[in-house]
Amino acid sequence: MTARILIIEDEALVAMELRFVLEDLGHEVVATAGDARTARNLVKEMEVDLALVDIHLSDGPTGIDLGRDIAREDGVTVLYMTANPGMVRDGVAGTIGVLSKPTDERAVQQAVEYALRRRVGEPVQYAPPELQIFG
Amino acid sequence: MRPVTLSNINERHPGGWNERDRVAALRAYGVLHTAPEAEFDDIVALAARICEAPTALISLVDSDFQWFKARVGLDACETGRDVSFCDHAMRETDIMVVPDATKDPRFSDNALVTGDLGIRFYAGAPLLSAEGLPLGALCIIDYRPRPEGLTDLQRQTLTVLARQVISQLELRRALAQRAESQDTARRALLASEYVGAWDWDIVNDRVVADERFARMYGLDPEMAVRGAAIGHFMGAIHADDAKRVNEDIQRAMNGDGVFASEYRLVVEGEPERWVVARGQVYYGPDGAPEHFPGISVDVTERKAMDANLAQASAALAESEARFRAIADSMPQMAWSTLPDGFHDYYNARWYEFTGVAAGSTDGEGWAAIFHPEDQPRAWALWTHSLETGDLYEIEYRLRRADGVYRWTLGRATPIRDEAGAIIRWFGTCTDIDDLKRVEQNKELLSQELSHRIKNIFAVVSALIALSAREYPEAKAFASAVRNRIGALARAHEFVRPHSEVSRPTVGNMTLHAFLEALFRPYADDAGAPRVVVDGDDALFDDQAATSVALLFHELATNAAKYGALSEHKGRVALNTRLAEDRFILTWTEQGGPTVAGAPTHAGFGSSLATVSVEGQLGGTLERFWRPGGLVVVADLPATALSRRRAAEKSANRHLA
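A brief structural summary. (Residues numbered from 1 in each chain as written. Chains lettered and ligands numbered in written order. Predicted model: local features only at pLDDT ≥ 70, side-chain atom pairs only at ≥ 80, totals over all residues.)

Now for the pairing of strand β16 (residues 405-416) of chain B. All names here are of chain B. Here 8 bridges tie strand β15 (residues 392-399) to β16, and the two strands are oriented antiparallel to one another. Among the inter-strand pairings, Leu 398 is bridged to a residue of β16, identified as Arg 406. The turn linking β15 back onto β16 is made up of 5 residues, and Gly 403 within it adopts a positive phi angle of 95 degrees. Looking at chain direction, β16 and strand β17 (residues 422-431) are connected through 9 bridges and run antiparallel. Bridging from a neighbouring strand, Thr 408 pairs with Asp 431 of β17. (Pairing = 2+ DSSP bridges. Helix = DSSP H or I, 4+ residues; strand = E, 2+ residues; numbered from the N terminus.)

So, about the interface of chain A and chain B. Each partner contributes residues to the interface: chain A has 19 residues there, and chain B has 26 residues. Among the elements that line the side of chain A that touches chain B, the one with the most residues is helix α1 (residues 12-24) of chain A, at 5 residues. Of the residues contributing to the side of chain A that touches chain B, the split by class is 11 nonpolar, 2 polar and 6 charged. (Contact = placed C-beta atoms within 7 Å. Nonpolar A, V, L, I, M, F, W, Y, C, P; charged D, E, K, R; others polar.)

This part is about helix α14 (residues 475-493) of chain B. Residues and elements named next belong to chain B. Here α14 spans 27 Å end to end across 19 residues, near enough to the 27 Å set by a 1.5 Å rise per residue. Among all positions of α14, only Ala 478, Arg 482, Gly 486, Ala 487, Leu 488, Ala 489, Arg 490, Ala 491 and Glu 493 are buried. Looking at the buried positions of α14, the neighbouring elements they touch are α13 (433-470), α15 (511-519) and α16 (542-561). (Expected span 1.5 Å × (residues − 1). Buried ≥ 20, exposed ≤ 12 C-beta atoms within 10 Å, placed from the backbone.)

Residue and element names in this part refer to chain A. The buried fraction of strand β4 (residues 77-82) is high, at 6 of 6 residues. In β4, alternate side chains face the same way, and those of Thr 77, Leu 79 and Met 81 on one face and Val 78, Tyr 80 and Thr 82 on the other are all buried. In this region the chain leaves strand β3 (residues 50-53), passes through helix α3 (residues 63-74) and returns to the parallel neighbour β4; the handedness of that crossover is right-handed. (Right-handed = clockwise from strand over helix to strand, strands pointing away.)

What follows is about the sheet that holds strand β1 (residues 55-61) of chain B. All names here are of chain B. Taken in spatial order, the 6 strands line up as β3-β2-β1-β6-β5-β4 in an open sheet, and their pairing is antiparallel. Each edge of the sheet is formed by a strand with only one pairing partner; in this case those strands are β3 (78-80) and β4 (96-98). Taken over all neighbouring pairs, the strand axes of this sheet differ in orientation by 25 degrees on average, direction set aside. (Axes fitted to C-alpha atoms, helices over the stretch in contact; angles between N-to-C directions.)

In contact at an axis separation of 8 Å, α1(A) and α13(B) are set at 50 degrees when each is read in the N-to-C sense. Relative to α13(B), α1(A) is oriented oblique. As for how α1(A) packs across α13(B), the hand of that crossing is left-handed. Together, A:Leu13, A:Val14, A:Met16, A:Glu17 and A:Phe20 of α1(A) and B:Ala458, B:Val459, B:Ala462, B:Leu463, B:Ala465, B:Leu466 and B:Arg469 of α13(B) make up the contact between the two elements. (Parallel < 35°, antiparallel > 145°, perpendicular 65-115°, else oblique. Left-handed = near helix turned anticlockwise from the far one by under 90°.)

We now examine the environment of B:Gly410. Residues and elements named next belong to chain B. Note that Gly 410 resides in strand β16. With 22 C-beta atoms packed within 10 Å, Gly 410 lands in the buried category. Taking C-alpha positions, Gly 410 is 6.5 Å from Thr 430, a pair spaced 20 residues apart along the chain. Aside from chain neighbours lying at most four places away, what touches Gly 410 is Tyr 392, Ile 394, Tyr 396, Gly 427 and Cys 429.

These values are about where atoms sit, not about what they do.
In structure tokens:
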């Protein structure tokens, strides 16, 4: 399946590469946001199925609350992507899980597939080992 | 006759006295059961003669007997009180006359009347003490009745003589008291070697002094006992004191009456003496000084002790002053406690820093200046030190005068006496807040850096991927590089400094934990690992991280491409073993395609691995191309993985 994906990442190069990877997989990257405020505005303005959220953004470690909020308020499926997975050690309610950076394309692909299946309620199957799922 | 009993001993008689006081007064004269004395004998003799009576008595009535101090015409010197006529007489205000005892209901059945003695006539004058307490009576007795009683002369005589008896008793008592006090004084002087006594007859200028006094003043004792002019004695007084002593004497004589002086005596052949002299001037009827007795006490030794004491006190005060000077100029706060932990001293720095009122943190008041979160810990540690004598050392936050809490290092050591018991604790508080902030900042900086490094790995990896898109023919190359970088990044995760939040969720930062993370992508569909790690775990530091990452990345990648991991059921067993001073890692592939034999030329990857193990880690790497699967053995020095720690240990050993 394909989805409308929002990339929330402040390192432009990393975001750019991620965009290419997702587009190669056939998904539509609706936008890239580097800070929480921009991200929240974007989510209000457009339809987003899945958000890949980094924890450390340009306005500080605002990614955790951001992910929780857009999952709860806007029905976005949230996957955290971070070099510091310890910060969401205990999970974040309403979100899928966390991917550790740096990742490879395969891990991203599998994680996105897993998240999208969960979004539409399909039975959970193989989850990539790099994805730490919130219980 | 109404007997006296204990029950009426306090009863008030019409005269206002009670028996208890009466008996006490009598006994105070100290005359009962004493030998006869001429003064009293004379009185009864005269009484008997004037009254023309065969018997006259001075009777003193005690609680249950009467005793005769003087008597004529009677053998007995004592009778029971119950038969005493005088007991009645003494209660009267005037002479009691009994003309005929047989006809007097008070005495008609008295044994002395009815018995052999046969008393018929009695006349007794009461003996009353100065306070009016009845003591007994002066009486005359006849053995034939005298209805005519006494003549006026006889009455007057008895009355006067009764008063005489009392006077004699009083005189006797006064003399006895004086003798006693003189005796006491004399005994005291005798007992003391250091007291000499003098008596100065001012009018005739003659000083009589005892032997001790004479010796003190360097005079011939015989001359002193005989008496000498005062000038002879004054000569012994120290020249510097003479004027003052003269003034003291003059002052006493001129009206003070009391003489008190302290001076030195200088006598040839004797060490200098200090004496304290006390005397009393007595004046004649014309008001001129007549008589000046006194004593001189040798206080030389005491004065020496006083001097020593003064010296020791001064030395102590100086030592304390020096201590305080040091303590108050120290840059640190200092304090001291009793063995039980009661704080009784703080130096100036403490009060400056905390701004508390002097004395307000004595005892246990210090605890309130500590940060509330640190108080329980400080209490526990301090209590432990007090109980065990262990050195006290703790970092805590102390409230400064402006309310700001500053990190402080508190340290204390016990002071012991010769027996080893703790007599005091001395401690210091050093402000380490700046230091701690620097530490904390370094810590933060370090974490910040490490986070950025991790980020840079991600950026570099992204850059490579982006670059590869530009050069599609380089896609495979880019992928290989990105994977190697990924392995590096993951290895560094395990060696970089971490805060609580950044610490990997795996928990342990060891070789096995890293390997498990590294091989996670190769897990099977069920999530079970396909590279199984077992054996001795090890810590590895940043120096070895690159090598470890590259080695296992290569092994895994190759296994995934050509070896066991390229097939569904292929597995790898990775065993790590510590064997004395070597660390051996054995990689065994199985279940993959049959191995034909060693490849004809080493791939670049295997070169990287070899360089890592043999160059960086200083070990050996061997490959065994078994038909069942590749086996690779890396043999490293045990310190290779943690070279930094090994170096530290060895340096410390040299220091120790």
